[in-house]
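Summary of structural features
If you want the building blocks of each chain, they are given just below.
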Amino acid sequence: MDHEEYLRRVKSYIKVPTKEMEEQLEDFCCLCSYISGQYDEDESFANLNEHLDWLERGREQQNRVFYMALPPSVFITVSQHLKKNCYPENGIARIIVEKPFGKDLGSSRELQRALEPNWKEDEIFRIDHYLGKEMVKNILILRFGNEFFGATWNRNHIDNVQITFKEPFGTEGRGGYFDEFGIIRDVMQNHLLQVLTLLAMERPISFSSEDIRDEKVRVLRGIPAIEPKNVIIGQYGKSLDGNKPAYKEDDTVPKDSRCPTFCAMVAHIKNERWDGVPFILKAGKGMFILRFTVTALVSLTNLTQPSTSKRRKSASNSRTSHPAFSRTFPATSSLFESSRTNQSTSR
C-alpha cells in the first residue's frame, strides 16, 4: 500500500454529505501520511522517526502517541523498536495497546513484563475501544443522573439483564487472527464485561478514571466462576440463501477449527444489589443484524409494591414468575430460547 491508496481507504470510511464537509475532509487528509515498513526491522522504524522529525520541525517539544492497532503477536516487537528508534528526545511519549491484552492471564503478564523495561506505567494506556461508543459512555449518566433509575436499579425491581452483541458479517479474511481468540476472548471478556460493570457498579466516589475502575473491579470480584452448564457456544454456518459462507469456508480458517463464533452465558453478581439477578451475555458473528442492546426486564409488581419476601429470596429460588424464565434458574437452554421469544414484548 502506498500513500495514495492509504488516503483512498481513509476517505472510503468517512461520509461527506455536504460540500463544506468534503473540503474539511481534504484538509484532514493533508495532515495524514503513510510510511511502510516491517514490524521487526530497525531500518523501518528509523525511516518512521525521520518522517516524524520532518513533521515536527520547528517545534520546541516532540510529543508522540503511538497507537498500536496491530496483531497482538507483534505488540512486544513493535513496542521495543518504537522505544529504541522513535522515542522523542525532548517531549513526552505514550503507547496505546489495543485489546486483547494477551489471550489469558499468563500471556497478559508476559506482555506487561515485556513493556516494563522500556515504558513507564504512566506511559502505557490499555484501551478497550468499545468504551468510546456514545451509548456506552452515556450509561453512567443514564444511571446516576436519573432519580427514577437510581431508586429502582436493583434486584427488587429488575428481573434479569441481557447484554447482546450481534455482527451481521463473518471473519471475511481475518479468520487467522480470530481463530486464535474466538468470540469469548475477542468480544465477551472485554467489551461485554466492561458494559456489565458499568451497568452493575455502585456510584464511584468521583468520576475520575481511577475511582470508576475501582468500582468496576469490585463488580468483577463479586462474579463467581461461570459454570459450563450456563454456557452455549457455536459456529455460524452458511446463510440460508447461500450468499454468505460458513466460518470454515473462510480460506484463513483451519478446516478442523472448533473456535466458537457465538456464545451465550449467564453470570451472577454476589452482592446486595444484584444477588439472584442473572446477567445474560450473548455475542456472535454472522448474525445478519448489526446490533448492540442492553435489556433489563422489570417486574411491574415489584416496581409498584416491592415485596419483602421477594427481596430476600435466594438465587436458587428466584425469578420463576417472569415469562422469560420457563424453569427455575439455571436452565440454560430454555432460558435463552424463552428470552429470545419474549425480548421484543418485554423490553
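Fair warning: this is a prediction, and the values are worked out from it, not measured in the lab. (Residues numbered from 1 in each chain as written. Predicted model: local features only at pLDDT ≥ 70, side-chain atom pairs only at ≥ 80, totals over all residues. Heavy atoms only, no water.)

**Remarks on helix α5 (residues 105-115)**
Put simply, the test is: Here's how the labels work: a residue is buried when its accessible area is under 20% of the maximum for its type, exposed when over 50%, partly exposed in between, all with a 1.4 Å probe on protein chains only. Starting at the N terminus, helices and strands are each numbered in turn, a helix being any DSSP run of H or I of at least four residues and a strand any DSSP run of E of at least two. In this context, the arc is that of the directions from the helix axis out to the C-beta atoms. Think of a polar contact as two N or O atoms within 3.5 Å of one another; within protein, one of them needs to be a possible hydrogen donor and the other a possible acceptor, and neighboring residues in sequence only count if both atoms come from side chains.
Listed as buried for α5 are Ser107, Leu111, Gln112, Ala114 and Leu115. Viewed along the axis of α5, the buried residues span an arc of 165°, placing them on a single side of the element. When the buried face of α5 is taken as reference, the exposed residues oriented beyond 90 degrees from it are Leu105 and Arg113. Regarding α5, its N-cap is Asp104, as a side-chain oxygen of that residue lies 3.3 Å from the backbone nitrogen of Gly106 further along.

**With respect to the packing of aromatic side chains**
Applied cut-off: Note on aromatic contacts: the rings of Phe and Tyr and the six-membered ring of Trp form a pair at centre separations within 6.5 Å, being stacked when their planes are under 30 degrees apart, edge-to-face when over 60 apart, and tilted otherwise. In our convention, an over-ring charge means Lys NZ or Arg CZ found within 6 Å of a ring centre and within 35 degrees of that ring's normal.
Applying the stated criterion across every chain, the model contains 10 aromatic pairs. Considering the side-chain rings of Phe178 and Tyr247, the 6.1 Å spacing of their centres and the 70° angle between planes classify their relative orientation as edge-to-face. Here Phe178, found in helix α9 (residues 175-200), pairs with Tyr247, found in the loop between β5 (231-234) and β6 (262-267); they are 69 residues apart in sequence, far enough to count as distant. Geometrically, the ring pair formed by Tyr236 and Tyr247 is edge-to-face, given 5.8 Å between the ring centres and 70° between the ring planes. Taken together, the residues span a long stretch of sequence, with Tyr236 in the loop between β5 and β6 and Tyr247 in the loop between β5 and β6 at a distance of 11 residues. The same class applies to Tyr236 as to Tyr247, namely buried. Taken together, the ring pairs connect Phe66, Tyr87 and Trp119 into an aromatic cluster. One cation-aromatic arrangement involves Lys83 over Tyr87; the distance from NZ or CZ to the ring centre is 4.1 Å. Against the face of Trp119 rests Lys83, its NZ or CZ located 5.7 Å from the ring centre.

**Notes on the nonpolar core**
Counted only if it meets this: Take the buried residues of types Ala, Val, Leu, Ile, Met, Phe, Trp, Tyr and Cys, join any two whose side-chain atoms come within 4.5 Å, and each joined set is a nonpolar core. Residue contacts are counted whenever heavy atoms from the two residues lie within 4.5 Å of one another.
Of all hydrophobic cores here, the largest spans 39 residues; its most connected members are Leu192, Leu196, Ile269, Trp274 and Phe279. For this core, the elements supplying multiple residues, two or more each, are α7 (139-144), β4 (158-166), α9, α10 (209-221), β6 and β7 (279-284). If near-sequence neighbours (up to four positions away) are discounted, Ile269 is found in contact with Leu196, Ala200, Val219, Gly222, Ile223, Trp274, Asp275 and Phe279. Counting residues in each nonpolar core, the second largest holds 17 residues, with Phe45, Met68, Val97 and Leu111 among its members.

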